Amino acid sequence: MKIAVLPGDGIGTEIVAEAVKVLQALDLKFEMETALVGGAAYEAHGHPLPESTLELAKEADAVLFGAVGDWKYDKLDRPLRPEQAVLGLRKNLGLFANFRPAICYDELVGASSLKPELVSGLDILIIRELTGDIYFGQPRGRRTAVDGHFPGAEEAFDTMRYSRPEIERIAHVAFQAARKRSKRVTSVDKANVLETFQLWKDVVTEVGKEYPDVALDHMYVDNAAMQLVKAPKKFDVVVTGNMFGDILSDEAAMLTGSIGMLPSASLNASSQGLYEPSHGSAPDIAGKGIANPLATILSAAMMLRFSLDQPEAADRIESAVKDVLASGLRTVDIFSEGTKKVGTREMGDAVVAAITTTKKITKS
Ligand code: NAD
């Protein structure tokens, strides 16, 4: 099993170091190779995604990614900005399925912006299509309007599009994921207004017939946004397009309290994947040793489950994280009265210790 380790910028290096430590504590045989990406790669090689990094990512079974970006690169030409590395990896590896679980741990219920009874026990999985939709559709651009409300004025336009096979493959991913959970899928669309999402709804319905054991319902995106804050526990697996998924997955993230807790996975058709925390490089706290490494550690667990076929090892990491939270340790972003504040490294050490303890108990 080969893992490409791409820590990136800012807190990326600090949090990935902890995830690597946790992987090493599992006693599994991995080959891990580290490479530069983002601003760090730009500084060293003049490009945020150098050819050597891309090659490493392509030949690996999985990529463990930290985060990229820093405000100091905001003035670079767009293709040279650190964030382009993420887009380049998605495109080159064909990572079309983005998994964003939103789990509210009992110990962190108070950190959510919603009432405890609404989020306690929350465990939803948002599956976002990642390589199509209005973010990639052509043509797009700026021009002078020839019609519309203001002919002759400057206008900008984008193209929303999805093909049948693109919808079919993400629908299969969602139904298969639901089979491993409570067998419910909500497909989110805007079929009442958009042709693209009428096709989306039709195709998801057709694919759903191949999964008679999974209950499918459809919801318009405006209602889904509302229901996510009104009664989030109604949802189990949510599948949607690139733009709606972008927005809804961030909304769902906030239900759980801290962005420092949220892992993500982006997979291609052969289960090769890129695993990263949902947050960015947090330049405001980089180098201070206070970043929460748990989202990255939980991303490593997803990597074991989805790309490396090691579900038991994934379970061990996830239960170690729960144990550590139950013991009262908190990084600054999830700290509350009555708990113990720790830094990035101490949090990683605690997860390693929890894994080692369960290993000893299992052996004896
Ligand atoms: P951010 O997610 O980096 O930070 C938002 C806030 O959350 C900050 O206050 C930060 O300190 C805090 N935070 C984030 N992760 C944390 C953690 N693990 N522990 C504790 N606190 C944490 O978003 P931003 O500030 O908007 O962006 C900073 C940079 O990251 C930008 O350059 C942006 O482009 C980049 N970015 C990269 C990715 C990626 O690499 N995939 C994703 C989002 C943003």
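As a starting point, this report considers the structure included with it. Quick caveat, the model's predicted, so the values are computed rather than measured.

### Considerations on the environment of His172
Phase 1 of the analysis: With respect to the secondary-structure elements, His172 resides in helix 6 (residues 164-179).
Phase 2 of the analysis: On the basis of relative accessibility, which here comes to 23%, the residue His172 falls in the partly exposed class.
Phase 3 of the analysis: It is 8.5 Å that separates the C-alpha atoms of His172 and Val204, two residues lying 32 residues apart in sequence.
Phase 4 of the analysis: Leave out the neighbours within four places in its chain, and His172 touches Val207, Glu210 and Tyr211.
Phase 5 of the analysis: Within the structure, His172 has its side chain in polar contact with the side chain of Tyr211 (distance 2.7 Å).

### Section: the sheet that holds strand 12 (residues 273-277)
Phase 1 of the analysis: Read from one edge of the open sheet, 10 strands run 2-1-3-12-11-4-5-10-8-9, paired in mixed fashion. The open sheet terminates on both sides in strands that have one partner only, identified here as strand 2 (31-34) and strand 9 (215-220). Shown here is a sheet whose adjacent strand axes are inclined to one another by a mean of 20°, direction ignored.
Phase 2 of the analysis: Strand direction decides the pairing type here: strand 1 (residues 2-8) and strand 3 (residues 62-67), joined by 5 bridges, are parallel.

### Concerning empty space enclosed by the protein
Phase 1 of the analysis: Throughout the structure, instances matching the rule amount to 1 cavity of 30 Å³ or more.
Phase 2 of the analysis: Counted as a void, the largest cavity has a volume near 30 Å³.
Phase 3 of the analysis: Counting residues per element, the ones that place at least two in the lining of the largest cavity are strand 4 (97-103) and helix 9 (242-255).
Phase 4 of the analysis: Among the residues forming the lining of the largest cavity, the class breakdown is 6 nonpolar, 1 polar and 1 charged.

### Points about the nonpolar core
Phase 1 of the analysis: Counting residues in hydrophobic clusters, the biggest one holds 88 residues, and the most contacted among them are Leu23, Leu64, Phe99, Ile127, Leu304, Ile317 and Val351.
Phase 2 of the analysis: Those residues within four positions of Phe99 in sequence are excluded, and the remaining contacts are Leu125, Ile126, Ile127, Val173, Ala177, Pro263, Ser264, Ala265, Leu267, Met302 and Phe306.
Phase 3 of the analysis: Of all hydrophobic cores here, the second largest spans 18 residues; its members include Leu6, Leu54, Val63 and Leu274.

### Description of the environment of Arg181
Phase 1 of the analysis: When you line up the elements, Arg181 lands in the loop between helix 6 and strand 8 (184-189).
Phase 2 of the analysis: Measuring from C-alpha to C-alpha, the distance between Arg181 and Val229 comes to 22 Å, with 48 residues separating the pair along the chain.

### Observations concerning the site of the ligand
Phase 1 of the analysis: Close to the ligand lie 20 residues; Val68, Glu83, Gly280, Ala282 and Asn292 are nearest.
Phase 2 of the analysis: A distance of 3.4 Å separates an oxygen atom of the ligand from a polar atom in the backbone of Asp70.
Phase 3 of the analysis: Ala282 is positioned with one of its backbone polar atoms (N or O) 2.8 Å from an oxygen atom of the ligand.
Phase 4 of the analysis: Burial of the ligand by the surrounding chains reaches 69%, relative to a free accessible area of 800 Å².
Phase 5 of the analysis: By residue class, the composition of the shell around the ligand is 9 nonpolar, 6 polar and 5 charged.

### What about unusual backbone geometry?
Phase 1 of the analysis: Between Gln138 and the following residue, Pro139, the backbone shows a cis peptide bond with an omega angle of 0°.
Phase 2 of the analysis: Mapping Pro139 onto the fold places it in the loop between strand 5 (123-129) and strand 6 (141-144).
Phase 3 of the analysis: The backbone phi angle of Asp133 is positive, close to 75°, even though this residue is not glycine.
Phase 4 of the analysis: Here Asp133 is to be found in the loop between strand 5 and strand 6.

So, how was this worked out
- Residues numbered from 1 in each chain as written.
- Predicted model: local features only at pLDDT ≥ 70, side-chain atom pairs only at ≥ 80, totals over all residues.
- Heavy atoms only, no water.
- Helix = DSSP H or I, 4+ residues; strand = E, 2+ residues; numbered from the N terminus.
- Buried < 20%, exposed > 50% of the residue type's maximum accessible area, 1.4 Å probe, protein only.
- Contact = heavy atoms within 4.5 Å.
- Polar contact = N/O pair within 3.5 Å; in protein donor to acceptor, adjacent residues only side chain to side chain.
- Pairing = 2+ DSSP bridges.
- Axes fitted to C-alpha atoms, helices over the stretch in contact; angles between N-to-C directions.
- 1 Å grid on protein atoms, 1.4 Å probe; cavity = no way out; pocket = protein on both sides within 12 Å on 5 of 7 lines; lining within 4 Å.
- Points joined across faces, edges and corners; volume = space filled by probe spheres on them.
- Nonpolar A, V, L, I, M, F, W, Y, C, P; charged D, E, K, R; others polar.
- Core = buried A, V, L, I, M, F, W, Y, C linked by side-chain atoms within 4.5 Å.
- Near = heavy atom within 4 Å.
- Areas by Shrake-Rupley, 256 points an atom, 1.4 Å probe, with all protein chains shown as cover.

By themselves these figures say nothing about function.
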